[in-house]
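# Topology and contacts: notes
Here is what each chain is made of, one letter per residue.
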Amino acid sequence: MSESISREAVEAGVGAVTDPELGRPLQELGMLHQVELTGSDVGITIELPTLAYPGQQRLAEAAEAAARKTSAEINKITVSFVQTTRGKQSGGDIGLRVKNIIAVGSGKGGVGKSTIAASLAYGLKHFGASVGLMDADVYGPSIPHLVGVSGNPAIKEVATPDGRTVERMLPKDAGGVKVMSIGFMVPAEQAVIWRGPMLHKALMQFLAQTDWGELDYLIVDMPPGTGDVALTLSQAVGIAGAVVVCTPQQVALLDAVKAIGMFGQVKIPVLGMVENMSGDIFGRGGTRAKAEEMGVPFLGEVPAIADIREKGDAGQIAALFDEGCAARDPLLHVCQRTAIEVARQVVDQPTMPQLDIL
Ligand SMILES: Nc1ncnc2c1ncn2[C@@H]1O[C@H](COP(=O)(O)OP(=O)(O)OP(=O)(O)O)[C@@H](O)[C@H]1O
Ligand SMILES: [Mg+2]
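Everything numeric here is computed off the predicted structure, so don't read it as measured data. (Residues numbered from 1 in each chain as written. Chains lettered and ligands numbered in written order. Predicted model: local features only at pLDDT ≥ 70, side-chain atom pairs only at ≥ 80, totals over all residues. Heavy atoms only, no water.)

As a further point, take the nonpolar core. In terms of nonpolar packing, the biggest core is built from 87 residues, with Leu124, Leu133, Met134, Val147 and Ile219 touching the most fellow members. In this structure, Leu124 is in contact with Ala52, Ile102, Ala129, Val131, Tyr217, Ile219, Cys335 and Ala339, ignoring residues within four places of it in sequence. One finds Ile5, Leu32, Ala60 and Ala63 within the second-largest nonpolar core, a separate group that totals 25 residues. (Core = buried A, V, L, I, M, F, W, Y, C linked by side-chain atoms within 4.5 Å. Buried < 20%, exposed > 50% of the residue type's maximum accessible area, 1.4 Å probe, protein only. Contact = heavy atoms within 4.5 Å.)

Put into structure tokens, the structure is as follows:
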């Protein structure tokens, strides 16, 4: 072993590498997991903050270059990765074991919130995360239809830590994603007008009395417009952040601006904006420009394609991630950008904000 190769020097060198996604040094992010010397070979292990991390290749190259600089005598450098899902354990006081709750909303109906929410769930699962999908659209639950599951949820008796037995609803398994919707209990055509306390109670039951198990991500499909649901959620549990969906159409964008303001009021950080049905008759690119103007991350464009509507109608949103499907790459990109913004929130704001407006 050579005298001039130092583990400390490699650690310092690689630790100073800026993570291409989070824009901070690996050391500061706690991502440098291990440096090992074997003779004149160096092994570097980096811990990625999400399974959906997009920049592995670039990061490996940067780490290798930084290690190489520390000594001319280094022979082989191997960079390997371990992956975890970082999270704020945002279960609140109601016993949820969910690392990150992601709300999907918009100011306007029909822009594709539910489609994007379901796609986020399957896309994050595609990367290996454990994912739940909760339909909080109590006015028009469409998740059961999109993912092809229906019927009353089964009830299970669960023992609590203090020795009681309580009943919990089991979410339905839809292709590996745990799904819960008000639509499982109320027929879709029976439009229920939930208001104030009723709505709050229904949502709380959903969150607290569903046996979600341990999840990396819980995706929540929000109803359009009003802040009631957002307020209830952010009071009850910590939300990692919100994804705001809009179409390129100007009116939808104005609504998205309102939605961003609404999330701000209830202290839910905005993870970013998605342009859905991009390239439709309404054009393309408006969302990116608006996101830049508002200083909000842009999470990607999802084109208007028949496949998305057809798979949604057939209850097969999961199939959008099949090889060769035109929606696959744009959707995976949105999932990766969202996962990175969630990880950024965890780093920037390790504790949940306190709501003081009530
Ligand atoms: N990228 C897309 N390309 C083609 N069709 C799409 C796309 N995104 C969504 N759709 C279709 O647009 C319709 C509305 O989508 P979705 O139900 O997801 O919107 P929403 O915002 O959740 O609506 P609501 O406000 O009623 O809850 C659906 O028929 C869906 O299949
Ligand atoms: Mg919807």
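Closest axis-to-axis distance for the helix 8 (residues 250-265)/helix 9 (residues 286-294) pair is 11 Å, and the angle between their directions is 35°. Crossing of helix 8 against helix 9: the hand is right-handed. Between helix 8, through Leu253, Val257 and Ile260, and helix 9, the contact on the second element is made entirely by Gly286, Thr287, Lys290 and Met294. Of the residues that constitute the contact of helix 8 with helix 9, the class distribution is four nonpolar, two polar and one charged. (Axes fitted to C-alpha atoms, helices over the stretch in contact; angles between N-to-C directions. Helix = DSSP H or I, 4+ residues; strand = E, 2+ residues; numbered from the N terminus. Left-handed = near helix turned anticlockwise from the far one by under 90°. Nonpolar A, V, L, I, M, F, W, Y, C, P; charged D, E, K, R; others polar.)

Once that is clear, we can look at the sheet that holds strand 2 (residues 41-48). Taking strand neighbours across the sheet as the criterion, the three strands line up as 1-2-3 in an open arrangement whose pairing is mixed. One side of each edge strand has no neighbouring strand; the edge strands of this open sheet are strand 1 (32-38) and strand 3 (77-83). On average, adjacent strands in this sheet sit at an angle of 15° to one another, irrespective of strand direction. Packed onto the sheet, helix 1 (residues 7-15) meets strand 1 and strand 2 and runs at close to 145° relative to strand 1. (Pairing = 2+ DSSP bridges.)

Where the parts come together, the accessible area they lose is often given as the size of the interface. When cut into domains, the protein gives domain 1 (7-83) and domain 2 (97-348). Look at where the C-alpha atoms of domain 1 and domain 2 centre, and you get two points 34 Å apart. Of the roughly 990 Å² buried between domain 1 and domain 2, counting both surfaces, carbon and sulfur atoms make up 62%. When the area that domain 1 buries against domain 2 is broken down by residue, the three leading residues are Leu22, Leu51 and Ala52, summing to 46%. For the interface between domain 1 and domain 2, the tally reads two salt bridges. (Domains from an automatic or database assignment. Buried area = accessible area lost by both parts, 1.4 Å probe. Salt bridge = Lys/Arg side-chain N within 4 Å of Asp/Glu carboxyl O.)

Right, let's talk about the sheet that holds strand 10 (residues 214-221) for a bit. Spatial strand order, 8-9-5-10-4-11-12-13: eight strands in an open sheet with mixed pairing. Each of the sheet's edge strands pairs with one partner strand only, and the pair in question is strand 8 (172-174) and strand 13 (298-303). Going across the sheet, the axis of each strand differs from the next one's by a mean of 25°, ignoring polarity. Inspection of the sheet shows strand 4 (residues 97-105) paired to strand 10 by seven bridges, in the parallel sense. Residue pairing across strands places Val104 opposite Asp221, the latter belonging to strand 10. Relative to the sheet, helix 4 (residues 113-126) contacts strand 4, strand 5 (131-135), strand 8, strand 9 (177-181), strand 10, strand 11 (241-246), strand 12 (270-278) and strand 13, its axis offset from that of strand 10 by approximately 165°. Where helix 9 meets the sheet, its contacts fall on strand 11, strand 12 and strand 13, and the angle it forms with strand 12 comes to roughly 160°.

Turning next to unusual backbone geometry. A positive phi angle is found at Lys267, which is not glycine, with a value near 60°. The backbone phi angle of Met277 is positive, close to 60°, even though this residue is not glycine. With respect to the helices and strands, the residue Met277 is situated in strand 12.

The final tally for this structure, using the stated rule, is zero aromatic pairs. One Lys or Arg, Lys172, reaches over the ring of Phe184 and ends 5.6 Å from the middle of that ring. (Phe/Tyr/Trp six-rings, centres within 6.5 Å; stacked < 30°, edge-to-face > 60°. Lys NZ or Arg CZ within 6 Å of the ring centre and 35° of its normal.)

Turning our attention to the site of ligand 1. Surveying the vicinity of ligand 1 reveals 17 residues, the closest of which are Gly110, Lys113, Ser114, Thr115 and Asn276. Between Gly112 and ligand 1, the recorded distance is 2.9 Å, taken from a backbone N or O atom to an oxygen atom. Residue Asn276 places a side-chain N or O atom 2.9 Å away from a nitrogen atom belonging to ligand 1. A total of 630 Å² of accessible area belongs to ligand 1 in isolation, and the protein chains cover 78% of it. Looking at the shell around ligand 1, the elements that each hand over two or more residues are helix 4, strand 12, strand 13 and helix 10 (306-313). Per element, the largest residue contribution to the shell around ligand 1 is three residues, and it comes from helix 4. Along the lines of polarity and charge, the residues of the shell around ligand 1 split into eight nonpolar, six polar and three charged. (Near = heavy atom within 4 Å. Polar contact = N/O pair within 3.5 Å; in protein donor to acceptor, adjacent residues only side chain to side chain. Areas by Shrake-Rupley, 256 points an atom, 1.4 Å probe, with all protein chains shown as cover.)

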